[in-house]
Amino acid sequence: MKTIVKNTLSLTAFTLVMGILLGVVHYVTAEPIRLQEQKKVEEAYRNVFPEADHFEDLEMEAPLADRLNEALTESGHSQERIDAAAQALDKENQFLGYVLTVTTAQGYGGDIQLTMGVAADGTTEGIAFLSIEETAGLGMRADTEEFRSQFSGKQVDSFAYSKTGASGDNEIDALSGATVTTNAVTSAVNAGLTAFQTLQEEGGETE
């Protein structure tokens, strides 16, 4: 009986110590990880909207989040969501456009998350991936300048992809052998454009 009690106390003490150590490790590493993620997002913002001096986050809570989700659903983007939105501002705090972080569930290898810049006149400034795990040599070719640049500098309401060669500003060339990835990225960008149009209509208000 004494042995059982002793072993139980030892196990309890060990579990308690390990719990404390894990808590300490989490406390020590959580802030650096958060700062690294924040730095990654800020770099992506600057990549997709280089003309901006700084960015002002919008509060993604009700009623704004509800309006954006409703707009996505109505436009057929039920598999996409807007994770974050921010105003792009110049040095004088003049509004230049928005940066939007979009996640789509349509990727071949899972969720794809990207950020995109959209100027006030509706021109897509650029896109950058925050998370993408598609097939190497196929879908991962989406994360190349050659593919991403097809969305840049285009003032269109939505994009479509072509397997036979883009013939207009609203079309991009599909990735050969990676139609699923092409469709996912195009859907994410179009969801972002829908969110942009909604924000423009609402004036970017959060209340």
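1. Some thoughts on the pattern of salt bridges
And step 1. Under the counting rule described, the total for this entry stands at four salt bridges.
And step 2. Taking the shortest distance from any N to any O, the salt bridge between Arg 148 and Asp 143 comes out at 2.8 Å.
And step 3. Exposure remark for Asp 143: the relative accessible area of 35% places this residue in the partly exposed category.
And step 4. A network of salt bridges, in which partner residues are shared, links Asp 143, Glu 145 and Arg 148.

2. Observations regarding the side chain of Asp 90
And step 1. The topology assignment puts Asp 90 in the loop between strand E2 (80–89) and strand E3 (95–104).
And step 2. Buried charge without a salt bridge: Asp 90, with Lys 91 as the nearest opposite-charge side chain at an N-O distance of 9.6 Å.
And step 3. Setting aside residues no more than four positions away along its own chain, Asp 90 makes contact with Asp 53, His 54 and Leu 96.

3. Points about the side chain of Thr 104
And step 1. Within the fold, Thr 104 resides in strand E3.
And step 2. Given a relative accessible area of 1%, Thr 104 falls into the buried group.

4. Things to note about the pairing of E2
And step 1. In terms of burial, E2 is a largely internal element, seven of the ten residues being buried.
And step 2. In terms of strand pairing, strand E1 (residues 54–57) meets E2 through four bridges, oriented antiparallel. Within E2, the position partnered with His 54 by the bridge is Leu 89.
And step 3. The pairing of E2 with E3 spans nine bridges and is antiparallel. The partner of Ala 85 across the bridge, within E3, is Leu 100.
And step 4. Taking the residues between adjacent antiparallel strands as the criterion, E2 and E3 are bridged by five residues, where Asn 93 takes a positive phi near 65°.

5. Thoughts on the packing of aromatic side chains
And step 1. Within this structure, the stated rule accounts for five aromatic pairs.
And step 2. Aromatic pair Phe 95 and Tyr 98: ring centres 5.0 Å apart, planes at 65°, arrangement edge-to-face.
And step 3. Assessed through its relative accessible area of 32%, Phe 95 is described here as partly exposed.
And step 4. Judged by relative accessible area, Tyr 98 falls into the buried class, the value being 2%.
And step 5. Put simply, the rings of Phe 95, Tyr 98 and Phe 196 touch in pairs and so form one group of aromatic residues.

6. Brief notes about the sheet that holds strand E5 (residues 123–131)
And step 1. Ordered by their spatial adjacency, six strands build an open sheet running E1-E2-E3-E4-E5-E6, and the pairing between neighbours is antiparallel. Strands at the two margins of the open sheet, each flanked by one partner only, are E1 and strand E6 (154–155).

7. Focus: the nonpolar core
And step 1. Grouped together as the largest cluster of nonpolar side chains are 33 residues, with contacts concentrated most on Leu 100, Met 116, Val 185 and Val 189.
And step 2. Among the secondary structure elements, those contributing two or more residues to this core are helix H2 (64–74), E2, E3, strand E4 (112–119), E5 and helix H4 (179–202).
And step 3. With nine residues, the single largest contributor to this core is H4.
And step 4. Those residues in contact with Met 116 that lie beyond four places of it in its chain are Val 48, Tyr 98, Val 99, Leu 100, Val 102, Thr 124, Gly 126, Ile 127, Ala 188, Val 189, Gly 192 and Leu 193.

8. A short note on a negative patch on the surface
And step 1. Side chains of Glu 42, Glu 43, Glu 56, Asp 57, Glu 59 and Glu 61 sit close together on the surface and give a patch of like negative charge.
And step 2. Those elements that provide at least two residues to the negative patch are helix H1 (2–48) and E1.
And step 3. As for its position among the elements, Glu 56 is in strand E1.
And step 4. Overall, Glu 56 belongs to the partly exposed group, its relative accessible area being 44%.

Criteria and cut-off values
- Residues numbered from 1 in each chain as written.
- Predicted model: local features only at pLDDT ≥ 70, side-chain atom pairs only at ≥ 80, totals over all residues.
- Heavy atoms only, no water.
- Salt bridge = Lys/Arg side-chain N within 4 Å of Asp/Glu carboxyl O.
- Buried < 20%, exposed > 50% of the residue type's maximum accessible area, 1.4 Å probe, protein only.
- Helix = DSSP H or I, 4+ residues; strand = E, 2+ residues; numbered from the N terminus.
- Lys, Arg positive; Asp, Glu negative; His and termini not counted.
- Contact = heavy atoms within 4.5 Å.
- Pairing = 2+ DSSP bridges.
- Phe/Tyr/Trp six-rings, centres within 6.5 Å; stacked < 30°, edge-to-face > 60°.
- Core = buried A, V, L, I, M, F, W, Y, C linked by side-chain atoms within 4.5 Å.
- Patch = residues over 30% accessible without salt bridge, like charges linked within 9 Å, V, L, I, M, F, W, Y side chains within 5 Å.
- Areas by Shrake-Rupley, 256 points an atom, 1.4 Å probe, with all protein chains shown as cover.
- Charge placed at Lys NZ, Arg CZ, Asp CG, Glu CD.

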